[in-house]
Amino acid sequence: MNSLAGGSTPAQVLRFLAVGGTNTLVTGAVFLALSAVVAPAVAYTVAFAIGVAFAVLVTPRLVFSDSAPHHRRALYAAWYLLVYVVGLGVVYVVHDILGMDRWVIVAVTVPTTAILGFLGARRLFAVSSRTA
């Protein structure tokens, strides 16, 4: 696996945890704060949009050492839209069906979408060394 762009999988995971963790903490805080004043789905949408912009700009270079052409960044943004839909489904289930507190909503939604975000990023940005 060391032949993948940006080094080994453990190194990529550590860098993703640093970059993605920062993104997750900031957007999670935005999600939590906004969910106190607007519907959880709206809070999730605003926080997620902030997170996508950050991820598309920063993740390829810092996590995978990939210059990532625009088309691959666009695919990453599209992947994040799918992750958004999954996260919105989680919000719906945890809030609307299970009636859980906003802290639980955030605690379930954030890790779910973070894992999916890493998997999509790794698939897209670790590709360049395979095609080089």
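Everything that follows concerns the structure shown earlier in this document.
Residues numbered from 1 in each chain as written. Predicted model: local features only at pLDDT ≥ 70, side-chain atom pairs only at ≥ 80, totals over all residues. Heavy atoms only, no water.

(A) Spatial organisation of the side chain of Thr113. In this structure, Thr113 sits in helix α4 (residues 102-125). According to the relative accessible area criterion, Thr113 is buried, its value standing at 10%. (Helix = DSSP H or I, 4+ residues; strand = E, 2+ residues; numbered from the N terminus. Buried < 20%, exposed > 50% of the residue type's maximum accessible area, 1.4 Å probe, protein only.)

(B) Layout of empty space enclosed by the protein. The tally for this structure, following the rule as stated, stands at one cavity of 30 Å³ or more. For the largest cavity, the calculated volume is near 280 Å³. Lining the largest cavity are 22 residues, and of these Asn23, Thr24, Thr27, Phe48 and Thr113 sit closest to its centre. Counting residues per element, the ones that place at least two in the lining of the largest cavity are α1 (9-34), α2 (40-64), α3 (70-97) and α4. Split into classes, the residues belonging to the lining of the largest cavity amount to 13 nonpolar, nine polar and no charged. (1 Å grid on protein atoms, 1.4 Å probe; cavity = no way out; pocket = protein on both sides within 12 Å on 5 of 7 lines; lining within 4 Å. Points joined across faces, edges and corners; volume = space filled by probe spheres on them. Nonpolar A, V, L, I, M, F, W, Y, C, P; charged D, E, K, R; others polar.)

(C) Layout of the packing of α2 against α3. Interaxial distance between α2 and α3 falls to 10 Å at its minimum, and their mutual angle equals 155°. It follows from the interaxial angle that α2 and α3 lie roughly antiparallel. Classified by chirality, the crossing of α3 by α2 is right-handed. Counted together, Pro40, Ala41, Tyr44, Thr45, Phe48, Val52, Ala55, Val56, Leu57, Thr59 and Pro60 of α2 and Arg73, Tyr76, Ala77, Tyr80, Val83, Tyr84, Gly87, Leu88, Val91 and His95 of α3 form the full contact between these two elements. (Axes fitted to C-alpha atoms, helices over the stretch in contact; angles between N-to-C directions. Parallel < 35°, antiparallel > 145°, perpendicular 65-115°, else oblique. Left-handed = near helix turned anticlockwise from the far one by under 90°. Contact = heavy atoms within 4.5 Å.)

(D) Layout of the packing of aromatic side chains. Evaluation of the coordinates by the stated rule reveals eight aromatic pairs. Between the aromatic rings of Tyr44 and Tyr84, the centroid separation amounts to 5.3 Å while the plane-to-plane angle is 10°, which identifies the pairing as stacked. In this pair, Tyr44 is assigned in helix α2 and Tyr84 in helix α3, connecting sequence segments 40 residues apart. For the pair Tyr44 and Tyr84, one class covers both residues: buried. When the ring of Tyr76 is compared with that of Phe125, the centres are 5.0 Å apart and the planes differ by 75°; the resulting orientation is edge-to-face. Here Tyr76 is found in helix α3, whereas its partner Phe125 is found in helix α4, with 49 residues between them in sequence. Across the pair, exposure class does not vary: Tyr76 and Phe125 are buried alike. Aromatic ring contacts, followed pair by pair, group Phe31, Tyr44, Phe48, Tyr76, Tyr80, Tyr84 and Phe125 into a single cluster. (Phe/Tyr/Trp six-rings, centres within 6.5 Å; stacked < 30°, edge-to-face > 60°.)

Remember that the coordinates give geometry; whether it matters functionally is a separate question.
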